[in-house]
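# Notes for the structure review
Letter by letter, the chains look like this.
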Amino acid sequence: MRSASSRFSPALLAAVPVFVFLVVPTAIVVPMAFNHSRYITFPPDRFSTDAVTGFFGDTAWISAVLASLQAAGIAVVLAVLLGGAAAVALHGRQFPGRSAVTGVILAPMIVPAVVLALAFYQFFNSVGLVGTILPIGLAHAVIATPYAFLTVRASLSGLNPALVRSAQSLGAGTPSVARFVYLPVIRPGLVAGALFAFSVSIDETVIALFLQSPSATTLPVKMFTDIQYNLTPKIAVSSAMLVTVATLGLLVQVLFMLRRRSIARMLPLTTVAADQTG
Amino acid sequence: MAGGKLIMPLAAAAPAQACDTSRGRRFRVRGTWLLLLAPIAAFDAILFLTPLGTLVSSSMQNQAYQRVLEDPLVIKSLINTFEISAVSTLVTIVSGYLLAWAIWRSSALTRVVLFALVLLPFWTGVLVKNFAWAVLLQDNGLVNDALQGLGFTDHPLTLLHNRFAVVLGMVHYLLPYAVFPIFAALAAIDNRLELAARSLGAGELSVFRRVILPLTVPGVSAAGLLVFIISTGFFITPVVLGGPGDQMIANQIDFYTMELTDFAGASALALVLTAIVSVLVAVYQRILRAGGAHEVG
């Protein structure tokens, strides 16, 4: 860490507009949800909660929210279980083909979302699994699993291998080792993985767009369809909800950073080609 | 993709070993990790590798590759993808360097705040951002009001549904992906180098140009490639913020699937995109290893 030598410099001043550029679009979304006008503008002419009550009275939007939550639920559970188990299995273990196994686990992050969307579209049609939220949840689990794998793997880097051996030499069986050695170490990784999986699923649009049906339309898909025709306050309401979710995720991540006193530990995760297509 | 074959025999071998081995304790340890790996092996084999296999076999039909690559619309979208990605990457890297620099020069507490400012958009989905930009850039939006209020123009400029809006939206999405690796490169610099340069009389500019910039070149090129890779897959932003002439390769895949219902053509196009991305990812990982940075995949 550098000492706090914050000298005044033109370069730092030039960064200010870029920070503004970065934050403003996220910041304006919440006040827009309370716009009185039927047409969306910023800043709002007059504040009212009409759009919010309108949103919660609209069955199409509510079922989109519920569909998104269902898909995210499937994705979170599968991603944490599968990714977490894989991270524990591979921890500190050398064998031929190890990097190939890791490569396959991480590959869904690198394949462009539209490619996966088309692959899932043809696959789920061919096995007759369409028209429900299940294929969307499963597809989201595929792209969310690498995140859970990475967060659990990162938390395992703090595990002293001697701990496992000493537990075993004291007679601990596999269940006890899992319960008393691994679980406390990987718990933060599991929480972070669940959070990432939820965030990935709740924002994912392209795959959900390809797999959508009238009975399975997620929130981003509904937003995407509506944005193309009209910018309405209801889109602002759903955007504000998603920003709230993002803020919660961010708060948890900042808490992690402060507790570990290290930002660098969170960096590898975010620099991985997290290819949620824009 | 070949790695999938490697997982399956490993997972399938687990029960067989249970019968063969007489050394119980050693098996218990070995068997456990294979049992932990089996679920993800089965899951990825069925829900990731099989769909990709479906894609490959579908692309082999009706001379799809030849047809697709002769389509002028596809050529146009390939050129668009390259142009838009290149411009977005350039703008992202320059502004990302500024952000990373500002964070690096800050005290520990300010750092967390500035990181949070970068991370908030990172956690926010693309549709929220695109929606916000569409509102900001519309004819009576905040940006046009400000431009007119400041006297830059007397009529609303068309800022939406053109390439400018697409690049703006993409840069906004891509910035965090550039800031983190560039910051990591800056943070890795031994600050005695800077002190030495200053004690030899170097000013702010020459310290940057002759000490810091050369040391961050590997980090910056890795960041640039990463950002370019992500750019090539953009789908939502060109639809929401772009016009008909700004559609990218992903939009062409959607068009082939939903409008033409030409699955062979769509699959071929998807695999062309995957091939381009795979080559770039391979180069990216080579740069990371050469730079001694962490391995990502």
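Summarised in this report is the structure supplied together with it. (Residues numbered from 1 in each chain as written. Chains lettered and ligands numbered in written order. Predicted model: local features only at pLDDT ≥ 70, side-chain atom pairs only at ≥ 80, totals over all residues. Heavy atoms only, no water.)

### Brief notes about the overall build of chain A
Threshold: Comment: elements are numbered from the N terminus, with helices defined as DSSP H or I runs of at least four residues and strands as E runs of at least two. Only protein chains enter the accessibility calculation, which uses a 1.4 Å probe; a residue whose area is less than 20% of its type maximum is buried, one above 50% is exposed, and one in between is partly exposed. Contacts between residues were defined by any pair of non-hydrogen atoms, one from each residue, lying within 4.5 Å. Exposure was quantified through the Shrake-Rupley algorithm and a 1.4 Å probe, taking into account, for residues, occlusion by the shown protein chains and nothing else.
Looking only at helices and strands, one finds 12 helices and 0 strands in chain A. Helices and strands appear in chain A in the N-to-C order α-α-α-α-α-α-α-α-α-α-α-α. Across the 278 residues of chain A, 55% fall into the buried class. The contacts of chain A with a sequence gap of at least 6 include a subset with a gap of at least 24, amounting to 72%. When the accessible area of chain A is evaluated, it comes to approximately 11,400 Å², of which 67% is carbon and sulfur surface.

### Concerning the interface of chain A and chain B
So the rule is basically this: Computed with a 1.4 Å rolling probe, the buried area is the accessible surface lost when two parts are put together, summed over both parts. Within this document, salt bridges are pairs made up of a side-chain nitrogen of Lys or Arg and a carboxyl oxygen of Asp or Glu, the two lying within 4 Å of each other. Polar contact is the term for a pair of N or O atoms within 3.5 Å; when the atoms are in protein, one must be able to donate a hydrogen and the other to accept it, and sequence-neighboring residues count only if both atoms are side-chain atoms. Residues are grouped as follows: nonpolar covers Ala, Val, Leu, Ile, Met, Phe, Trp, Tyr, Cys and Pro; charged covers Asp, Glu, Lys and Arg; every other residue, Gly included, is treated as polar.
If you look at the interface, chain A gives 104 residues, while chain B gives 104 residues. Between chain A and chain B lies a buried interface of about 9,300 Å² when both sides are counted; carbon and sulfur atoms form 79% of it. Put simply, chain A and chain B have 0 salt bridges between them. In this assembly, chain A and chain B are joined by 4 residue pairs in polar contact (both at pLDDT 80 or more). Classifying every residue of the side of chain A that touches chain B gives 75 nonpolar, 24 polar and 5 charged.

### Some details on the pattern of salt bridges
Per the stated rule, a full pass over the model turns up 10 salt bridges over all chains. A salt bridge links Lys222 of chain A to Asp226 of chain A; its shortest N-O distance comes to 3.5 Å. Here Asp226 of chain A and Lys222 of chain A lie together in helix H10 (residues 219-229), a separation of 4 residues that amounts to about one turn. Taking the relative accessible area as the measure of exposure, Lys222 of chain A reaches 17% and is therefore buried. A relative accessible area of 21% means that Asp226 of chain A is categorised as partly exposed. Glu204 of chain B serves as the salt-bridge partner of Arg198 of chain B, at 3.4 Å between the closest nitrogen and oxygen. Judged by its relative accessible area of 27%, Arg198 of chain B is partly exposed. Assessed through its relative accessible area of 31%, Glu204 of chain B is described here as partly exposed.

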